[in-house]
Amino acid sequence: MTEHLMETTFRTALWRQFGAAIDMLENALLACPASLWRERLWSVPPPPEFPPQFAEFWYVTFHALLWLDLYLSGLPEEEFAPSAPFAQGVLDSVEALPERPYSKEELRTYLVSMRQKCHTHLLQLTDEQAHRPVQYPWSEGQPISFLELHLYNLRHVQEHAAQLSMFLGQHATLGASDWVTRAKDDEGSE
């Protein structure tokens, strides 16, 4: 069977908006001063199955990138593992907590690679891939299309970019809250 690329205007628009969400996450990451790197965004403790660092700036950034990576792969959670240096194990679990917080440089490297992965993937997305059913625990036993997963993923990245930006704004950190209208370029490069 021949695979057909999805309509160009749609693929381009999807990338530009997804890329903008990733760029906003990057803005927050780069604007975070060392003094806030391990500060909590919210005071409510996470459920016991989550690591206690779950609400810290560095971990929220890592969480957004980890799930971006997983959802771009379209793999089930149990078949996915992030690349080194990131801890292996059940995602967002105490078991997969690293021995130390990831550095800004490590997370920026991950972000740059995920931005490129997203750019390449979305601009090469075929109709057949877009229609492929996927299922995650939050879909409550109802498969969704890979295309819908991409939209969910975009919203997830934007949610955490907004949380991080608001946190930085509350701490008078400049440079994190500028709205990005669309991906900074169409090449996926820095």
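Residues numbered from 1 in each chain as written. Predicted model: local features only at pLDDT ≥ 70, side-chain atom pairs only at ≥ 80, totals over all residues. Heavy atoms only, no water.

Two measures describe an aromatic ring pair: the distance that separates the ring centres and the angle between the ring planes. The final tally for this structure, using the stated rule, is 17 aromatic pairs. With a centroid separation of 5.8 Å and an interplanar angle of 40 degrees, the aromatic rings of tryptophan 37 and phenylalanine 57 are classed as tilted. In this pair, tryptophan 37 is assigned in the loop between helix H1 (8–31) and helix H2 (57–73) and phenylalanine 57 in helix H2, connecting sequence segments 20 residues apart. Comparing tryptophan 37 with phenylalanine 57, the two get one shared label, buried. Taking 5.7 Å as the distance between ring centres and 50 degrees as the angle between the ring planes, the aromatic pair formed by phenylalanine 54 and tyrosine 59 counts as tilted. Assigned by exposure class, phenylalanine 54 and tyrosine 59 land together as buried. Members of the aromatic cluster, connected to one another through ring pairs, are Phe50, Phe54, Trp58, Tyr59, Phe62, Phe86, Tyr102 and Tyr110. (Phe/Tyr/Trp six-rings, centres within 6.5 Å; stacked < 30°, edge-to-face > 60°. Helix = DSSP H or I, 4+ residues; strand = E, 2+ residues; numbered from the N terminus. Buried < 20%, exposed > 50% of the residue type's maximum accessible area, 1.4 Å probe, protein only.)

Once that is clear, we can look at the environment of arginine 132. Take arginine 132: it is sitting in the loop between helix H4 (127–131) and strand E1 (133–134). By relative accessible area, arginine 132 is classed as partly exposed at 33%. Separated by 32 residues in the primary sequence, arginine 132 and arginine 100 have C-alpha atoms spaced 38 Å apart. For arginine 132, the residues in contact, after removing those within four places along its chain, are Ser73, Gly74, Ile144, Ser145 and Phe146. (Contact = heavy atoms within 4.5 Å.)

Taken as a whole and judged by the stated rule, the model has six salt bridges. With a closest N to O distance of 2.6 Å, aspartate 23 and arginine 115 form a salt bridge. Pair noted here: aspartate 23 is in helix H1 and arginine 115 is in helix H3 (residues 104–123), with a separation of 92 residues, a long-range link. Under the relative-accessibility criterion, arginine 115 is labelled buried at 3%. Among the salt bridges present, the one from arginine 108 reaches glutamate 26, with a minimum N-O distance of 2.6 Å. Of the two residues, arginine 108 is situated in helix H3 and glutamate 26 in helix H1; the sequence distance between them amounts to 82 residues. Of the residues examined, glutamate 26 reaches a relative accessible area of 4% and is grouped as buried. Overlapping salt bridges bring together Glu26, Arg108 and Lys184 as one network. (Salt bridge = Lys/Arg side-chain N within 4 Å of Asp/Glu carboxyl O.)

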